[in-house]
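# Coordinate inspection notes
The residues making up each chain are set out below.
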Amino acid sequence: MSGADAQTYGDHSQWAETSHCRIAGVRHFGAFAALELIAPRVARRAAPGQFVMVTVPGGGFLLRRPISLFAAHGDRIGLLIEARGAGSEQLTQLDVGDAIDVAGPLGTAFPTEGVTNALLIGGGIGCAPLQYLADELAAAGAHVTAAFGFRDFRAARAAGAFSIERLWVATEDGSVGKAGTVLHLLAALDVAPGTTVYTCGPNPMVAAIQRWTFAEGLRGHVSLEAHMACGTGSCHGCVVDTARGKLRVCSEGPVFRLDEVTP
Amino acid sequence: MTSRRTHAIERGTGGAPLRGGGPQLSVSLGPVALDHPLVDASGTFDLLEYALRYDGDYFADFPYAAYVPKTVTADARIGNPAPRVTETAAGMVNAIGLENPGIHAWIGQLPGWATLRRPVIVSVGGNDPAQYAAVVAALEAHLAEAPAGTTPRIEGYELNVSCPNVSSGLQIGADPAATAEVVAACREATDRFLLAKLTPNVRDVTEAGAAALGAGADGLALVNTFKALVLDRQTLKPFLGNRTGGLCGPAIKPIALRMVAEVAQAFPDTPIIGMGGVMTGQDALEFIACGATAVAVGAANFTAFEAPQRILAELCDELEAHGFSSVAEARGAALLA
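Predicted model, so just to flag it, every value in this text is computed and none were measured. (Residues numbered from 1 in each chain as written. Chains lettered and ligands numbered in written order. Predicted model: local features only at pLDDT ≥ 70, side-chain atom pairs only at ≥ 80, totals over all residues.)

## Concerning the overall build of chain B
A count of helices and strands for chain B gives ten helices and 13 strands. For 337 residues, the compact-globule estimate of 2.2 N^0.38 gives 20 Å, and the C-alpha radius of gyration of chain B, at 19 Å, lies within 12% of that figure. Taking the principal axes of its C-alpha atoms as reference, chain B extends roughly 55 × 50 × 40 Å. Within chain B, the fraction of its 337 residues that count as buried is 56%. A separation of at least 24 residues holds for 74% of the contacts in chain B among residues at least 6 apart in sequence. (Helix = DSSP H or I, 4+ residues; strand = E, 2+ residues; numbered from the N terminus. Rg over C-alpha atoms; globule rule 2.2 N^0.38 Å. Buried ≥ 20, exposed ≤ 12 C-beta atoms within 10 Å, placed from the backbone. Contact = placed C-beta atoms within 7 Å.)

Rendered as structure tokens:
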């Protein structure tokens, strides 16, 4: 990795102090909830790709949950949460006016400098950070296309939370959009040379996107998912194998160069 | 009471600031003078990572009374395959695998945190006595030569004897003779304060404690994590990359308290760092009441950045509420009856 790349990934502000945030908006999409939080100190520092550690309310859970930023503007941040386990299910049941503790923004961010053509490839809940990225890229004048894959019609409910002008959807059961995986969408897209790829999703999808970008001669960036304990670099619980050795997803990531990780 | 400490406490959320005339918090951990009884448990709190994510000077606002860094070994270790952590009922299981850069690279990083004004207790790991002693000897050699102002205040060592023995594969700390060999080898290499951090995965924790003290340890730290197994819910195979891991968090607190009490009763004049699932000031006070001189906070560091400040403020309130004028007065209160 060149020095310039390292600087682009690592140059974003991280802040781990706890913010006690009021929920200003909730939208439900099946098992997904899009939360809007009043979090001025988090929003001010945030960049696309970064995440927050969210305390599950009620005291029944020891560890906070790492959630990527779905949006950030003004004094607000957005989180898209999938009810997957008992902790995330509680988070999807929060209401307007409820308060939750979040810490962030944390981790590295997607580099966007100088990007004119961007292809955003997401899988499942991994699509979440790509909305915030799309907002930033579009505001900077980039041409943004998104291709999202979901397992079935239940998972595809998440697509309703997104607002991206050129968004293509595939489901493996064929219930919504193109039948098949996100790779079937990519085969049908006309991708301009020099397009920058951004991806986030389950590890097998990331591995498939790595092969596809290599075959297409494209370069890109990936945001990885991992089990975390601290989320702030202390516990070394969330490592991933990379060309630079084992690196922490919370601290050296979650955004890495796409071709350097072994997900 | 220093203004720095007051500042650090007031930054915390939910805790009351220290009041003049409140309980006396300072304790002596052997020769190591602590402003208050809380330290971090090795591997749960990385000073440099905190400083990177803090508004202000974290070195000056450092909340613990001493810093115990992540365990360092003679050679670099890449650690265990992922996943390495998972949450369980009232706790978590981890199998990190002592990932660290090795003592020589570790020494090279010391100038980066030399301005920390708190004492440092270095956690040392290895798989045989020579590996432990090599870490201590390398650091002592460096400290003897290092120019003033280029190293933090290293005042002691904590020997992490929960590592597997190179010959048997069993935890060194589960074998009193092996524990004694590690302590004796390190004792030869330093005159600084030397703690043995005991594993709870034994029939009688006082046997390893007696072996460590007999071999020259100045104090004991306990407990490390409990060996545990978590299964993947779908596959019914071990979830962690290392298969087994160590259980910590509130689930272990009652067992840890019992073990600290046993050790404190067996070795009444020995400095003890008690730990195991400390989440609140009440928890910390209970370890002190069971005979701990100081208390280490581990998994709670993963729950909020401000956990140490909150727990210290709560400990202050609890001492006062229980009518103790000092931490020293509370020490062993549970053992008297």
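## Observations concerning unusual backbone geometry
Cis geometry marks the peptide bond from Gly 253 of chain A to Pro 254 of chain A; its omega dihedral reads 10 degrees. Relative to the helices and strands, Pro 254 of chain A resides in the loop between β15 (245–248) and β16 (255–257). With an omega of 10 degrees, the peptide bond running from Leu 222 of chain B to Val 223 of chain B counts as cis. Within the secondary structure, Val 223 of chain B sits in the loop between β9 (219–222) and β10 (226–229). Positioned with a positive phi, His 236 of chain A is a non-glycine residue whose angle comes to about 60 degrees. Structurally, His 236 of chain A is set in the loop between β13 (219–223) and β14 (239–242). By C-beta crowding, His 236 of chain A is classed as buried, having 25 other C-beta atoms within 10 Å.

## Some points on the interface of chain A and chain B
Taken together, the contact between chain A and chain B spans 24 residues of the former and 32 residues of the latter. The residue makeup of the side of chain A that touches chain B, split by class, is eleven nonpolar, ten polar and three charged. (Nonpolar A, V, L, I, M, F, W, Y, C, P; charged D, E, K, R; others polar.)

## Thoughts on the domain arrangement of chain A
All names here are of chain A. You can read the domains of chain A as domain 1 (3–106) and domain 2 (117–262). Here the C-alpha centroids of domain 1 and domain 2 sit 19 Å apart. Listed per partner, the contact involves 24 residues of domain 1 and 22 residues of domain 2. When contributions to the side of domain 1 that touches domain 2 are tallied by element, the ones reaching two or more residues are α1 (3–10), β1 (18–29), β2 (32–38), β3 (51–54), β4 (65–68), β5 (71–73) and β6 (76–82). (Domains from an automatic or database assignment.)

## Here we look at the sheet that holds strand β13 (residues 294–297) of chain B
Sheets are built from strands that pair by backbone hydrogen bonding, the pairs being arranged parallel or antiparallel. Residues and elements named next belong to chain B. With respect to topology, seven strands assemble into an open sheet ordered β3-β13-β12-β9-β8-β7-β6, the strand pairing being parallel. Only two strands of the sheet have a single partner each, and these edge strands are β3 (38–40) and β6 (119–124). Averaged over all pairs of adjacent strands, the angle between strand axes in this sheet comes to 30 degrees, irrespective of strand direction. Bridge count for strand β12 (residues 272–275) against β13 is three bridges, and the pairing is parallel. Looking across to β13, one finds that Met 275 is bridged to Ala 296. (Pairing = 2+ DSSP bridges. Axes fitted to C-alpha atoms, helices over the stretch in contact; angles between N-to-C directions.)

## Brief notes about the environment of Val 230 of chain B
Residues and elements named next belong to chain B. Tracing the sequence through the fold places Val 230 in the loop between β10 and β11 (244–248). With 20 C-beta atoms counted inside 10 Å, the residue Val 230 sits in the buried group. Separated by 159 residues in sequence, Val 230 and Thr 71 place their C-alpha atoms 24 Å apart. When neighbours within four sequence positions are excluded, Val 230 is seen to be in contact with Thr 86, Thr 88, Val 93, Phe 239 and Leu 240.

## Some remarks on the sheet that holds strand β7 (residues 99–106) of chain A
Residue and element names in this part refer to chain A. Taken in spatial order, the seven strands make up an open sheet running β4-β3-β7-β1-β2-β6-β5, and their pairing is antiparallel. The sheet is open, and its two borders are formed by β4 and β5, each paired with just one other strand. The sheet shows a mean angle of 35 degrees between the axes of neighbouring strands, taken without regard to direction. Bridge analysis of β1 against β7 gives five bridges, and the strand direction is antiparallel. Note that in β7 the partner of Ser 19 across the bridge is Val 102. Sitting on the sheet, helix α4 (residues 128–139) touches β4, β5 and β6, and the angle it makes with β5 is about 35 degrees.

## With respect to the environment of Thr 244 of chain B
Residue and element names in this part refer to chain B. Note on placement: Thr 244 falls in strand β11. Separated by 149 residues in sequence, Thr 244 and Ala 95 place their C-alpha atoms 7.0 Å apart. Excluding anything up to four places from it in sequence, Thr 244 contacts Ala 95, Lys 227, Ala 228 and Leu 229.

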